[in-house]
4 protein chains.
Amino acid sequence: MFRFECDYSESCHPAIIERLAETNLIQSPGYGEDAFCEAARELLRRDCGLEPNACAIHLMIGGTQTNLTVIASLLRPYQGVISADSGHINTHETGAVEATGHKVLALPTKDGKLSAEMVQAVYDAYQDDVTKEHIVQPGMVYISWPTETGLLYTKEELSALSRTCRKLGLPLFLDGARLGYGLMSSACDLTLPEIAQLCDVFYIGGTKQGLMMGEALVFTDLKLSNGFRSMMKNRGGMLAKGRLLGIQFQTMFEDGLYYRIARQADEYAMEIRSAFAARGCDFLYPSMSNQQFPILPDAWLAKLEKDFAYSFWQRVDESHCAVRFCTSWGTQPEAVEQLIAAIRAL
Amino acid sequence: MFRFECDYSESCHPAIIERLAETNLIQSPGYGEDAFCEAARELLRRDCGLEPNACAIHLMIGGTQTNLTVIASLLRPYQGVISADSGHINTHETGAVEATGHKVLALPTKDGKLSAEMVQAVYDAYQDDVTKEHIVQPGMVYISWPTETGLLYTKEELSALSRTCRKLGLPLFLDGARLGYGLMSSACDLTLPEIAQLCDVFYIGGTKQGLMMGEALVFTDLKLSNGFRSMMKNRGGMLAKGRLLGIQFQTMFEDGLYYRIARQADEYAMEIRSAFAARGCDFLYPSMSNQQFPILPDAWLAKLEKDFAYSFWQRVDESHCAVRFCTSWGTQPEAVEQLIAAIRAL
Amino acid sequence: MFRFECDYSESCHPAIIERLAETNLIQSPGYGEDAFCEAARELLRRDCGLEPNACAIHLMIGGTQTNLTVIASLLRPYQGVISADSGHINTHETGAVEATGHKVLALPTKDGKLSAEMVQAVYDAYQDDVTKEHIVQPGMVYISWPTETGLLYTKEELSALSRTCRKLGLPLFLDGARLGYGLMSSACDLTLPEIAQLCDVFYIGGTKQGLMMGEALVFTDLKLSNGFRSMMKNRGGMLAKGRLLGIQFQTMFEDGLYYRIARQADEYAMEIRSAFAARGCDFLYPSMSNQQFPILPDAWLAKLEKDFAYSFWQRVDESHCAVRFCTSWGTQPEAVEQLIAAIRAL
Amino acid sequence: MFRFECDYSESCHPAIIERLAETNLIQSPGYGEDAFCEAARELLRRDCGLEPNACAIHLMIGGTQTNLTVIASLLRPYQGVISADSGHINTHETGAVEATGHKVLALPTKDGKLSAEMVQAVYDAYQDDVTKEHIVQPGMVYISWPTETGLLYTKEELSALSRTCRKLGLPLFLDGARLGYGLMSSACDLTLPEIAQLCDVFYIGGTKQGLMMGEALVFTDLKLSNGFRSMMKNRGGMLAKGRLLGIQFQTMFEDGLYYRIARQADEYAMEIRSAFAARGCDFLYPSMSNQQFPILPDAWLAKLEKDFAYSFWQRVDESHCAVRFCTSWGTQPEAVEQLIAAIRAL
């Protein structure tokens, strides 16, 4: 069985396990105050093009934890977070945001992307409501990049969102669980420093991009970071051996490994995409990153699922389903070759 | 200015203020453990057709407080409450349910009513999801009766909902902030005892039906009431002088005053409805209770608003808006006459 | 039975019920935006000696609701509220503060009063802790005045607390559920304007001082009031017919009735105190306000409880208990006479 | 610098890093549903002496996360958790339990241990309180074993606690962050199966005992485990690559490595203890496990701290402090030798 159903089927990139082994018995302080974390933060800061005193970086364990902690930290109790209704916080986190007391103001979208206009409209509707004390105040904006649908906000789109958010006083939070796959996509017209400039807080995903676990959270609006380490502990998200995160991010960012392996995964994804397209398949979303959503006849799926694991996405019509194939840093060339051969043989 | 914009513009029915004055200096225990509350609970129980040991009744202050306390009490932390997206808990409570940690699983509806099929579908989608531990578990169902759109579930509809909820193990909670206006509507085919049999917990609204404040919460599933008085205090909703609620409900239910004044309000609403209909107006919702939603030309609204307060509901097209006119126990005949005359003169 | 077990056995002062009756059918907007509330806020502001733009006043229903809403509004998620361990929020609110997510940092005291030194010590301990991200940050200070033990902070004590709190950036919140009884006590050396100057937020209690219900919350630090009306709704504490609170506070404060009835209650309490003292009784706390805590032989209690309701406080030794006798605005002269006669006859 | 200030200065036991390397590229499902986790749960179950259908085991990341998730899952909203005031949940988790809405009912103890009598007394006080709806209901009991003071409940003590808890319907939750160090202590008269029988839920600590991270949570009362995986996700505590925890616990428990390394750490701790005792030092707590709390002259500390890291605990008098020296699975013989030599040379 070749697994394409998600991007975290393996543990971590071999360079990481090597580094963890080398440093294993070195003693260090806990909770992220060690030299590995310090070095990792420095590398991340550099790649984001940020000045040392213009950002605060926190290394966290996983995405849901990061999302709930950031949102709980930024909002006042009567505020909610604007999100696409397909946003991870609205769909696959078992109500983790609501468990912190906040409503997800979920907006319907056709492809999982918010626009500046949509945010402005929510804001205006709130401001215009004569009963505004009876409705949830929009307090921040959450987007994912790439989205859960594999798409990228363009520089123009993200700039517009950023301008609108700043005009309205709404912090813009970008969930970058798959940030590397976005940055390396052929469809990407944004750089990491540009993302850092446009967002108030965002994270550089590790779990799905070669680390055992870890998300590097970057606050570019420093006042939003106030008390954040206490927030992390308050929500159970401060790893005792924080060094584990530091060592992994250091390994990934000291010579660009993070980007190289993401680029490879994207390339595999595009090969798979081409194979499906060559068979005349449509796609649910026009993704150019590591997640591909072909719409396939049920009969094809019955054949493919014998050797290839994928994710069911949604039924499209009586005889077709949209499914998801993911590549990752860990995808093996042979797996891609076999899958493409199988597609051609359908 | 004649006020039709809501059903709580006055304080309370004169019979209540009289009774409060008569009993004013009598000493009693606090927190709802007095003889007035006991008498009120007995009258409410009788009207619900419930046996003394088959229900638990709690007198609460207001609707949002009641909703949030019931929901927080019934759900496990990872569960959410199914509601129409127009449900009061989803729209006009400033995120009070989310502040207790729970997601409102809001379903789009065309008229504000949930169906048994919709509930079944949410349940099935949860059960069928292979990642169900990552999504919010539906834990109960909230409906309002009449709905925020003025409509009534029929006996058949409520029975179907009740059967489905019981089959699926989802408590059915009915928000009866306007219960009396529903029961007295010419469109109603349900009795209070039938509602009591079909719901697991519901309330008999007072604030909008002649009391200064107060909602009588009835648990017909006793195990759901376990610890509820502690919940009330825990959420700041236990009135020190609980007698105030007891006296008011006692006054309303000892000789049917509650029903008589609701019937009168409904009749006024139907007269207003007829007046608009006679002028050829459409209605946003086919309400037969105390809230009426005519769709009116902007020019008419400009004239009406000089003398009559109403609520803006939504713009329908370039030159028409849907608005809401409410009657209540406190609506004066003269106000209705004046409004009807004005409608005829438009 | 003459009831001295609490200060809310009756409904409200006759002047209030009269005013409620007079205004009963007047129509007004809801949620505290009516003319009665506006007038009440103006009177309260005047009595507090505050400029119109130097305070924000919110009329709320009850004490627990007020406490939890203020605390939830002022603290960041990882912060706690410093309180005497006998503070109402720590003892008799069923965990309402914790239900908002915050720890009560309860300090042991001998008499229920915090000192500036105690607050400074908590602050210093936090600042000095090298693991401070692992402990709750003190975020505000809660005191009650009079305390639950009937005592008053003197001007010197409250000034010292206020100076320390302001130096440390900790808002000082004063629970004035019995504020009138404190102000009118012969032991009081503070005025209402002085309290307003020394606290950042406090409330003027109504429930225990002649109103049916109601607490007038005064923010003298305006930025702390930001979004507070949304907070009120978010916690279910915004009364639909807010006018009920406005009318009551207006009645109490337009000609000083609030103070006159509190003074009378204090005088009755001192008469009862003197009667116990004349019989050689000790007191658990040296209260000079409306709550008295005599330490009495069990045999005396057995006799008294036939005709007089009081509250058990604590067992002091094998044969003595401390109990509480409360007077209130509603205490009748005859009840005091009878109690004093009974004490003399013990 | 030799580090004795905590028991998590290194990453993990070499056998674990080896196993992680070996299994690194194997593909597996996420979220703890892989074969490694299954094998680990089986080994843990076996060591606990529990039948396959008599327990539910969840592998979690860290202690605070585990504590808050268990407590939030077990309590009703108005309930609190009984704990020693020195309990980790009450002191060093930044209010994580309160952030879930629950009060820690912290009892003063002299040595960090609760007794059955203390629990009974809290329960009785609640039951006897006529205002019990106004106070937090005790809903469960939290203990740590070993305690934060290095002490062990004896079989008799734990049995008494367990009997009392079961009689009163209070689940007993044992925080075993250092469970191995307890089991291997010469002072221990309990076995792991006995602990499993006496507690309703407990965890076998990994983070402080040779794993990179991980705590194995065991429910022996199955109904308490209901919905727990949803709770884990709801609180952000479900590791995407759950296999990481499975592999580590499997390595530790397949041939008793967990016990062997804990025993070694305890032996080192006793050697250090003996060295201090030989110099006439007193100890703050009579710990026989891996944490030692000698009371030392300030002058000695000034000398020791040049080469040895320890934790400050508390000042004892003008010239002495109690400090903590921890050993762990990672403590090197040379470090112990050097420390003992330094103690002798003081």
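Basis of the calculations
Residues numbered from 1 in each chain as written. Chains lettered and ligands numbered in written order. Predicted model: local features only at pLDDT ≥ 70, side-chain atom pairs only at ≥ 80, totals over all residues. Heavy atoms only, no water. Least-squares fit on C-alpha atoms with pLDDT ≥ 70 in both. Contact = heavy atoms within 4.5 Å. Buried area = accessible area lost by both parts, 1.4 Å probe. Salt bridge = Lys/Arg side-chain N within 4 Å of Asp/Glu carboxyl O. Helix = DSSP H or I, 4+ residues; strand = E, 2+ residues; numbered from the N terminus. Polar contact = N/O pair within 3.5 Å; in protein donor to acceptor, adjacent residues only side chain to side chain. Pairing = 2+ DSSP bridges. Axes fitted to C-alpha atoms, helices over the stretch in contact; angles between N-to-C directions. Parallel < 35°, antiparallel > 145°, perpendicular 65-115°, else oblique. Nonpolar A, V, L, I, M, F, W, Y, C, P; charged D, E, K, R; others polar. pLDDT = per-residue confidence, 0-100. Patch = residues over 30% accessible without salt bridge, like charges linked within 9 Å, V, L, I, M, F, W, Y side chains within 5 Å. Areas by Shrake-Rupley, 256 points an atom, 1.4 Å probe, with all protein chains shown as cover. Lys, Arg positive; Asp, Glu negative; His and termini not counted. Charge placed at Lys NZ, Arg CZ, Asp CG, Glu CD. Buried < 20%, exposed > 50% of the residue type's maximum accessible area, 1.4 Å probe, protein only.

After a rotation of 180 degrees and a shift along the axis of 0.0 Å, chain A superposes on chain D with an RMSD of 0.0 Å. Such a combination of turn and shift is consistent with a two-fold rotation axis. By residue overlap, the copies meet face to face through one surface: 100% of the interface positions of chain A are interface positions in chain D.

Facing the 19 residues of chain B at the interface are 19 residues of chain D. Buried area between chain B and chain D, both sides added, is near 1700 Å², and the carbon and sulfur share of it is 48%. Area buried by chain B at its contact with chain D is led by Tyr78(B), Glu133(B) and His134(B), which between them contribute 37% of it. At the junction of chain B with chain D, the criterion picks out 2 salt bridges. Linking Glu133(B) and Arg229(D) is a salt bridge whose minimum nitrogen-to-oxygen distance equals 2.8 Å. Broken down by secondary-structure element, the contributors of at least two residues to the side of chain B that touches chain D are helix H3 (63-74) and helix H10 (228-234) of chain B.

Aligned on chain D, chain B shows an RMSD of 0.0 Å; the corresponding rotation is 180 degrees and the shift along the axis is 0.0 Å. Interface overlap between copies: 100% of the residues of chain B at the interface are likewise at the interface in chain D, consistent with a symmetric, same-surface contact.

To continue, consider the environment of Phe4(A). Residue and element names in this part refer to chain A. With respect to the helices and strands, the residue Phe4 is situated in the loop between strand E1 (2-3) and helix H1 (14-22). Distance from Phe4 to Gly280, taken between C-alpha atoms, is 21 Å for residues 276 residues apart in sequence. Every residue in contact with Phe4, bar those within four places of it in the chain, is listed here: Ile272, Phe308, Ala309, Tyr310, Arg324, Phe325, Cys326, Thr327, Thr331, Ala335, Val336 and Leu339.

At the interface, 45 residues of chain A touch 45 residues of chain D. A buried area of about 3800 Å², summed over both sides, lies between chain A and chain D, and 56% of it is on carbon and sulfur atoms. Where chain A touches chain D, the interface holds 0 salt bridges. Viewed at the interface, chain D and chain A are joined by 24 residue pairs in polar contact (both at pLDDT 80 or more). Taken together, the elements giving at least two residues each to the side of chain A that touches chain D come down to E1, H1, helix H3 (63-74), helix H5 (96-99), helix H10 (228-234) and helix H11 (243-253) of chain A.

Another point: the sheet that holds strand E4 (residues 104-107) of chain A. Residues and elements named next belong to chain A. Taking strand neighbours across the sheet as the criterion, the 7 strands line up as E2-E8-E7-E6-E5-E3-E4 in an open arrangement whose pairing is mixed. The sheet is open, and its two borders are formed by strand E2 (56-60) and E4, each paired with just one other strand. Between one strand axis and the next, the sheet turns by 25 degrees as a mean value, whatever way the strands run. Across 2 bridges, strand E6 (residues 172-175) lies against strand E7 (residues 201-205) in parallel orientation. Of the residues in E7, the one forming a bridge with Phe173 is Val201. On the sheet, helix H6 (residues 116-128) packs against strand E3 (79-84), E4 and strand E5 (137-144) and is oriented at approximately 165 degrees with respect to E5.

All names here are of chain B. Viewed as axis vectors pointing N to C, helix H12 (residues 257-278) and helix H14 (residues 333-344) meet at an angle of 10 degrees, and their least axial separation amounts to 9 Å. As judged from the angle between their axes, H12 and H14 are roughly parallel. Residues Tyr268, Glu271, Ile272, Ala275 and Phe276 of H12 touch H14, and the partners they reach there are Pro333, Val336, Leu339, Ile340 and Ile343. A breakdown of the residues in the contact of H12 with H14 according to their chemical character gives 9 nonpolar, no polar and 1 charged.

Summary statistics for chain A give a mean pLDDT of 97 and a share of 100% for residues scoring 70 or more. Across the assembled chains, the prediction reports ipTM 0.96 with pTM 0.97.

On to a negative patch on the surface, then. Residue and element names in this part refer to chain A. Together, Glu267, Glu271, Glu334 and Glu337 line one region of the surface with negative charge. Those elements that provide at least two residues to the negative patch are helix H12 (257-278) and helix H14 (333-344). Looking at the secondary structure, you find Glu334 in helix H14.

All names here are of chain B. Counted according to the given criterion, the structure contains 64 salt bridges over all chains. Residue Glu38 pairs with Arg41 through a salt bridge whose shortest N-O separation is 3.1 Å. Here Glu38 pairs with Arg41, and both are found in helix H2 (residues 35-48), just 3 residues apart, close to one helical turn. A relative accessible area of 44% means that Glu38 is categorised as partly exposed. With its nearest N and O atoms 3.2 Å apart, the salt bridge here joins Asp47 to Arg46. In this structure Asp47 comes out as buried when scored by relative accessible area, which is 18%. The class for Arg46 is partly exposed, based on a relative accessible area of 44%.

The next subject is the sheet that holds strand E3 (residues 79-84) of chain B. Strands pair in a sheet through their backbones, by hydrogen bonds, and they do so in one of two ways: parallel or antiparallel. Residue and element names in this part refer to chain B. One open sheet holds the 7 strands; their spatial order is E2-E8-E7-E6-E5-E3-E4, and the pairing between them is mixed. Of all the strands in the sheet, the pair left with one neighbour each is strand E2 (56-60) and strand E4 (104-107). Neighbour to neighbour, the strand axes of the sheet diverge by 25 degrees on average, direction disregarded. Looking at chain direction, strand E5 (residues 137-144) and strand E6 (residues 172-175) are connected through 4 bridges and run parallel. Across the sheet, Ser144 pairs through a bridge with Asp175, a residue of E6. Strands in contact with H2 are E2, strand E7 (201-205) and strand E8 (215-219); relative to E2, the strand with the most contacts, it is inclined by about 120 degrees. Sheet strands in contact with helix H6 (residues 116-128) are E3, E4 and E5, and its direction is about 165 degrees off that of E5.

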